[in-house]
Amino acid sequence: MPQAVLEKYALIAGQTSKIIIHAPDIARKARPGNFVMLRVTETGERFPLTIADTDHDRGTITLVYLVVGKSTALLERLEAGDELLDLCGPLGKNTAIEKSGTVICVGGGTGIAAMHHLAKGHHQAGNHVIAIIGARSKNLIFFEQELSLFCPELLISTDDGSYGTKGLVTELLIERIKKDPTISEVMAVGPVPMMEAVAKVTKPFGLKTIVSLNSIMIDGVGMCGACRVTVGGETKFTCVDGPEFDGHLVDFTELKQRLRAFREQELISINQMRQIQEAAAAVS
Ligand code: NAD
Ligand code: FES
């Protein structure tokens, strides 16, 4: 396993953190769309995170995560200089990027991070990139500055209207598509209901729509079947056939059911970790 050392940590929005990891072998090969599998402790689970950015010269990759469960809470405890136990990647297929004109990249919540890498790839391929990002509230918006470096248009929405336009990203998307019939493609990364809603918006316009799926993964290399999704009636594995798929063909209902499957176990695990932390704090 190549050495992977946490170089920098920053809290960038709400409970969303950004880490820069020195992992030259992965940084050299990583392309937009790729993800890594991490393991923080010997007994911990392996979990996937999409690569938000790479710096080939410095040999680093950027990952962004929201603390939602035990694994991300453990990751949050690492400090600069700490080594990650396992970091495997880059995994998944590269985003299929070609020079096609104007592309809209939509990012919702923590999905903004993965969307950043895709948008950068489209920009580097010579496309005119329109970024649409949205979150529940102003304090959950991030990467505005980073995206504005290469996106000539950056549209922002918040559910509560505390920043940008009040409403959902799909409302901005529909307005923008109506203004410009020359758009060649829409890419969306974020919560599953958002990606489903984006695909519904673009379908009547006949617009190519790619979504990046966040299925539950165990091995990340196509062996376990945990990440299976149905796309166009066929079973696909998100880790090796994706994570990006045609949004008009994904069975979102099944995906939502599968993502709910381990919620109870996750809550039990978080509670156990809290009890251990409280007991440790009481002893010290
Ligand atoms: P959230 O629920 O706060 O939503 C973020 C934004 O997405 C909203 O502000 C809104 O603009 C849009 N949105 C949400 N639901 C929508 C709907 N039904 N219709 C239209 N627009 C909608 O997001 P969050 O809590 O930051 O997101 C966390 C979720 O995102 C987690 O479930 C995580 O697994 C997922 N995620 C997915 C990826 C991926 O690769 N697809 C990456 C990171 C996070
Ligand atoms: Fe095991 Fe994809 S995570 S097959």
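Residues numbered from 1 in each chain as written. Chains lettered and ligands numbered in written order. Predicted model: local features only at pLDDT ≥ 70, side-chain atom pairs only at ≥ 80, totals over all residues. Heavy atoms only, no water.

Enquirer: Which parts of the structure should I look at to understand the overall build of the chain?
Expert: When helices and strands are counted, the chain shows nine helices and 15 strands. The globule rule puts the C-alpha radius of gyration for 284 residues at 19 Å, and the 19 Å found for the chain is close to it. Projected onto the principal axes, the alpha-carbon positions of the chain cover approximately 65 × 40 × 40 Å. Out of the 284 residues in the chain, the part that is buried amounts to 48%. Sequence separation of at least 24 residues holds for 64% of the intrachain contacts in the chain that already meet a minimum separation of 6. Roughly 13700 Å² of accessible area belongs to the chain as shown, and the carbon and sulfur atoms make up 52% of that amount. Charge centroids of the chain, computed over 29 positive and 33 negative side chains, lie 3 Å from each other. (Helix = DSSP H or I, 4+ residues; strand = E, 2+ residues; numbered from the N terminus. Rg over C-alpha atoms; globule rule 2.2 N^0.38 Å. Buried < 20%, exposed > 50% of the residue type's maximum accessible area, 1.4 Å probe, protein only. Contact = heavy atoms within 4.5 Å. Areas by Shrake-Rupley, 256 points an atom, 1.4 Å probe, with all protein chains shown as cover. Lys, Arg positive; Asp, Glu negative; His and termini not counted. Charge placed at Lys NZ, Arg CZ, Asp CG, Glu CD.)

Enquirer: Is there a simple way to explain the environment of Asn 214 in this structure?
Expert: Residue placement: Asn 214 occurs in the loop between strand 12 (208-212) and strand 13 (228-231). As a C-alpha pair, Asn 214 and Thr 238 span 24 residues in sequence and 8.0 Å in three-dimensional space. Contact partners of Asn 214, with chain neighbours within four places excluded, come to Gly 190, Val 192, Met 195 and Leu 259.

Enquirer: Is there a simple way to explain the site of ligand 1 in this structure?
Expert: If you check the shell around ligand 1, you find 20 residues, and the closest are Ala 135, Arg 136, Asp 159, Ser 212 and Asn 214. The separation between an oxygen atom of ligand 1 and a polar main-chain atom of Thr 110 is 3.2 Å. Contacts to ligand 1 include Asp 159, whose side-chain N or O atom sits 2.6 Å from an oxygen atom. In isolation ligand 1 offers 850 Å² of accessible surface; the protein chains occlude 74% of this area. Elements supplying a minimum of two residues to the shell around ligand 1: strand 8 (128-135), helix 5 (169-179) and helix 6 (192-202). When residues in the shell around ligand 1 are grouped by element, the largest group, four residues, is from helix 6. Grouping the amino acids of the shell around ligand 1 by side-chain chemistry returns nine nonpolar, nine polar and two charged. (Near = heavy atom within 4 Å. Polar contact = N/O pair within 3.5 Å; in protein donor to acceptor, adjacent residues only side chain to side chain. Nonpolar A, V, L, I, M, F, W, Y, C, P; charged D, E, K, R; others polar.)

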